[in-house]
Amino acid sequence: CIAIVLSKGLNMKILVHLHLYYADMLSEMINRLRSLEGRDYDLYVTLGKDDPLVKKDILSFKNDARILIVDNRGYDLAPFLAVLHEVDLDKYDYLIKLHTKRDLPAPAELPRCCFRGSQWRECLTGFMKDRTALDKALKLFIQKPEIGMLSHYKLLISAAKEDREANRRAEEIMQKLGLKVRDRHFIAGTMFICRAGIMKPLLRLPYTAADFDVPAADHAGGTLAHALERVLSWLVAAQGFAISSYTPLTLSALIQIAAYKCKRFLYRKHTNSKGITRIKICKIPVYKNSRKKL
């Protein structure tokens, strides 16, 4: 059934951007890229430094891969813009954005789940964990024209209270693009597959690498990169499409999310990027790591 549906899109062409900040993760990322075998795709890899051995390994996997050396600015977002300016998006049907995300040193709580270790990265790249998964993702695009971007429902979060400075800057960027913010949800982690044309408005932005901050050790928010993380998702609804999940939101999943939210409401312990730990019970602050009750 999948093969029949996909046969209608045999001429599809895919643009893949991999920002390889952590070069030692190349083999894992190549395993994800193997899901594209047999498909027509162009691979662009951005590196933070010129490493002949890494370049050799990339070209051994795909001999026509384009490798760009970029400044260590703007996390994976500045390199993504650099790649967009290197290509003709009209040539592509779909775009896959990837980067290297380390295992989490501590549990990370998102509104719908708590990630540990490699779980966040695996969730981000799950739509291409193997050929079958990627075929299913592409089938969704073909069957449902309203879908503009695919990720996982666990990663789609509201920007209402997350990093208000980044939200403000993202709104300013959307205004510059002449687009209305119709949905404030965004993909936490900025890895996804989307219809390539959705990213075309980004080509109107004047930003260069120099406009982005050098990544901070504490990953503090409010930067241009964090603002663009939101914009990449906001572009979808602004152009009449929807963000969907590559895996269905089942009744069992809804029950798990409800249980998680209930537990999070009753008791939440959170340590921010500045090392400040707060404890809330029923959303009431009761402790801060100054060891003084609030």
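Quick caveat, the model's predicted, so the values are computed rather than measured.

Trainee: Go over the overall build of the protein, please, and point to the residues and values.
Mentor: A count of helices and strands for the protein gives nine helices and 14 strands. Relative to the 2.2 N^0.38 estimate, which gives 19 Å for 294 residues, the radius of gyration of the protein is 20 Å and therefore close to what a compact globule would have. Counting every position in the protein, which comprises 294 residues, the buried fraction comes to 47%. Taking all contacts inside the protein whose residues are at least 6 apart in sequence as the whole, residues at least 24 apart take part in 74%. Charged side chains of the protein number 49 positive and 31 negative; the gap between the two group centres comes to 9 Å.

Trainee: Pulling in residues and values, what's your account of helix 8 (residues 224-238)?
Mentor: With 15 residues, helix 8 should cover 21 Å at 1.5 Å per step; its first-to-last C-alpha distance of 20 Å lies within 8% of that length. Maximal helix bending in helix 8 amounts to about 25 degrees, located at Leu232. Within helix 8, 15 of the 15 residues are buried, which leaves the element mostly enclosed by the surrounding structure. Of the residues one or two after helix 8, Gly240 is the one with positive phi, at around 85 degrees.

Trainee: If you had to explain the state of the cysteines to someone new, which residues and values would you point to?
Mentor: The tally for this structure, following the rule as stated, stands at zero disulfides. Left without a disulfide partner, Cys114 is nearest to the cysteine sulfur of Cys113, which lies 7.2 Å away. The closest cysteine sulfur to the non-disulfide-bonded Cys194 is located on Cys123, 18 Å from its own sulfur.

Cut-offs and rules
Note on numbering: residues in each chain are counted from 1, in written sequence order. Where totals are concerned, whole chains, interfaces and linings use all residues; where local detail is concerned, this predicted model gives features only for residues with pLDDT of at least 70, and gives and counts side-chain atom pairs only at 80 or more. Calculated side-chain values reflect all of the structure's heavy atoms, with hydrogen atoms and water omitted. Going along the chain from the N terminus, every DSSP run of H or I of four or more residues is numbered as a helix, and every run of E of two or more is numbered as a strand. Atoms considered for the radius of gyration are the C-alpha atoms alone. The globule rule reads 2.2 Å times the number of residues to the power 0.38. The cut-offs for exposure are 20% and 50% of the maximum accessible area for each residue type, with area from a 1.4 Å probe on protein chains only; residues under the lower value are buried, those over the upper are exposed, and the others partly exposed. We call two residues in contact whenever any of their non-hydrogen atoms come within 4.5 Å of each other. Under the counting rule used here, the positive set is Lys and Arg, the negative set is Asp and Glu, and His together with the chain ends is not counted. A charge is said to be at NZ when it belongs to Lys, at CZ for Arg, at CG for Asp and at CD for Glu. Every helix has an expected span of 1.5 Å times one less than the residues it contains. The reported bend at a residue is simply the angle between two axes, fitted to the 7 residues ending at it and to the 7 residues beginning with it. The disulfide criterion is simple: two cysteine sulfur atoms within 2.5 Å.

Purely spatial values, then, with no claim about function.
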